[in-house]
Amino acid sequence: MDETAIAPKEVIIAGLNTGAGNFEYSMEELANLVAANNMIVKEEVRQKLERPHPGTYFGKGKITELAEIVASENVDTIVTNDELTASQIRNIESATKASVLDRTALILDIFANRAQTREAKLQVQIAQLQYQLPRLHTSVNQRLDQQTGAGGGGGFTNRGAGETQQEMDRRTINNQIKHLKGELTDITKAADTQRTQREKNGLPTVALVGYTNAGKSTTMNGLVRKYGLNEDKQVFEKNMLFATLDTSVRQINLPDQKQFLLSDTVGFVSKLPHGLVEAFRSTLAEAANADLLIQVVDYSDPNSEKMMKTTNEALKAIGVTDIPMIVAFNKADKTEAKYPSREGMQLVYSARDDASLDELITMIREQVFKNYQTVTLLIPFDQGNILNFLNEKAHILETEYVAEGTKITVELTDESAQRFEKYRVN
Ligand SMILES: Nc1nc2c(ncn2[C@@H]2O[C@H](COP(=O)(O)OP(=O)(O)OP(=O)(O)O)[C@@H](O)[C@H]2O)c(=O)[nH]1
Ligand SMILES: [Mg+2]
């Protein structure tokens, strides 16, 4: 990360290939996550095992190998590709003399570093505490005990006192979680109210979703620049994992008076910690309540198909299943593909290309403004307010002044057409 001047920390990454999922891809992801956390992979260790060893996660031989690498390479951290149990962490740490950071803790660290708003910070803190709860007195805590000579070694003498301490810590953490959740609820209640208000205003909502770093925020900024109600309201885009942790909503006003709300959401990665997904549920509610999803995919990445799979699984996990979806293959400028090019609900495009953004808008239009009809109304002269409303909110195709009033041909939603039915002349 360029904003920190601290030299990257060298680590060992270690993964267990049980034959489930896509091992190579998840190890690549792990290396990217490690880099995102200002760390550098010094050594990579793999093991094929049908299932993790319950006590040490890796098999005995691999643990010995890890200990040797730790000693010879002078590295003090091992990052594992899966979430481990408290005892697995403890056992690997004592056998290798290195600290263990599992995949979940790593992702939590990254999120914690990125979180800017109160809401994002609360969400990450809650997820971190929930992760810590079953892991009290391992890792850092245990090392502290050892340093202070308080005896984390687990001899019988300390057991009673240790348990009491553990229970106390657990209670403290539970209270903290409760407190933070309360604070989060207050914030999300406000967001819910805003969302309900927006829904009442009747504007359709479109949410950008997808794997982290796919170009969601860049797409949002492109559309906001072209058609935003307030074109200066750009969101943060950057070539780094999890640049966006907060949902931002922007209003898009098309030249023909059609409007919709566009939201940018937090990106996904595979094996996203459950607690994190749970904590970010309110942020992701924006996607869950959308009328249309745009799944942004980095088309230039060789792993794009797996990233789509990851995204679809994550969406399913948060209960988003029945929303129509445009699949937008981004960064086509980095590939040989011709762009923009469209096939049904799929678009190959670049978020930095004007013609691409127009094509995307065309596709959004087709989905979101389906229930429009063209009607001709005769508005009596004394109904100036209706005319004002239509001038502001609807796309007027033709205006003619006749003896009885103003005759206009206008595009209306089914609901609006219903509302002005009595003025309808054809
Ligand atoms: N070459 C090229 N780069 C792009 C394009 N779209 C986005 N990028 C770059 O890809 C990187 C990630 O873009 P973001 O828009 O921040 O990605 P995101 O999906 O919002 O990522 P997260 O918020 O981290 O989930 C940035 O460096 C962008 O400049 C594109 O069409 N072409
Ligand atoms: Mg983003």
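Cut-offs used in this document
- Residues numbered from 1 in each chain as written.
- Chains lettered and ligands numbered in written order.
- Predicted model: local features only at pLDDT ≥ 70, side-chain atom pairs only at ≥ 80, totals over all residues.
- Heavy atoms only, no water.
- Near = heavy atom within 4 Å.
- Polar contact = N/O pair within 3.5 Å; in protein donor to acceptor, adjacent residues only side chain to side chain.
- Areas by Shrake-Rupley, 256 points an atom, 1.4 Å probe, with all protein chains shown as cover.
- Helix = DSSP H or I, 4+ residues; strand = E, 2+ residues; numbered from the N terminus.
- Nonpolar A, V, L, I, M, F, W, Y, C, P; charged D, E, K, R; others polar.
- Phe/Tyr/Trp six-rings, centres within 6.5 Å; stacked < 30°, edge-to-face > 60°.
- Buried < 20%, exposed > 50% of the residue type's maximum accessible area, 1.4 Å probe, protein only.
- Lys NZ or Arg CZ within 6 Å of the ring centre and 35° of its normal.
- Salt bridge = Lys/Arg side-chain N within 4 Å of Asp/Glu carboxyl O.

*Asks:* Would you mind showing me how to read the site of ligand 1 here?
*Replies:* Neighbouring ligand 1 are 23 residues; Lys-216, Thr-218, Ala-243, Asp-333 and Ser-350 lie closest to it. In this structure, Thr-244 approaches ligand 1 through a side-chain N or O atom, which is 2.8 Å from an oxygen atom. The side chain of Ser-350 places a nitrogen or oxygen atom 2.7 Å from an oxygen atom of ligand 1. Here ligand 1, which alone exposes 650 Å², has 94% of that area covered by the protein. For the shell around ligand 1, the element with the highest residue contribution is helix H8 (residues 216-227), accounting for three residues. A class-by-class count of the residues in the shell around ligand 1 yields six nonpolar, ten polar and seven charged.

*Asks:* Hey, could you run me through the packing of aromatic side chains in this one?
*Replies:* To describe a pair of aromatic rings, one takes the distance between the centres and the angle between the planes. For the structure on display, the rule yields seven aromatic pairs. When the centroid spacing of 4.6 Å and the interplanar angle of 50° are considered together, the rings of Phe-111 and Phe-242 count as tilted. Of this pair, Phe-111 sits in helix H4 (residues 103-114) while Phe-242 sits in the loop between H8 and strand E6 (248-253); the two residues are 131 residues apart in sequence, bridging distant segments of the chain. Accessibility expressed as a relative area gives 1% for Phe-242, which makes it buried. Measuring from centroid to centroid gives 6.4 Å for Phe-260 and Phe-369, while their planes differ by 55°, and the two rings are tilted. Taken as a pair, Phe-260 in strand E7 (residues 259-264) and Phe-369 in the loop between helix H12 (354-368) and strand E12 (372-380) lie far apart in primary sequence, 109 residues in all. Each member of the pair, Phe-260 as well as Phe-369, is classed as buried. Among the aromatic side chains, those forming a connected cluster through ring pairs are Phe-111, Phe-242 and Phe-280. It is Lys-258 that lies over the ring of Tyr-372; its NZ or CZ is 4.8 Å from the centre.

*Asks:* How do you make sense of the pattern of salt bridges when you look at a structure like this?
*Replies:* In a structure, side chains of opposite charge can pair up when their charged atoms sit close to one another. Under the criterion given, the structure shown has 20 salt bridges. For Asp-358, the salt bridge is made with Lys-226, and the minimal N-O distance between the two is 3.3 Å. Highlighted residues: Asp-358 in helix H12 and Lys-226 in helix H8, separated in sequence by 132 residues. Overall, the relative accessible area of 29% leaves Asp-358 in the partly exposed class. Salt bridges sharing common partners tie together Asp-256, Lys-258, Arg-365 and Glu-411.

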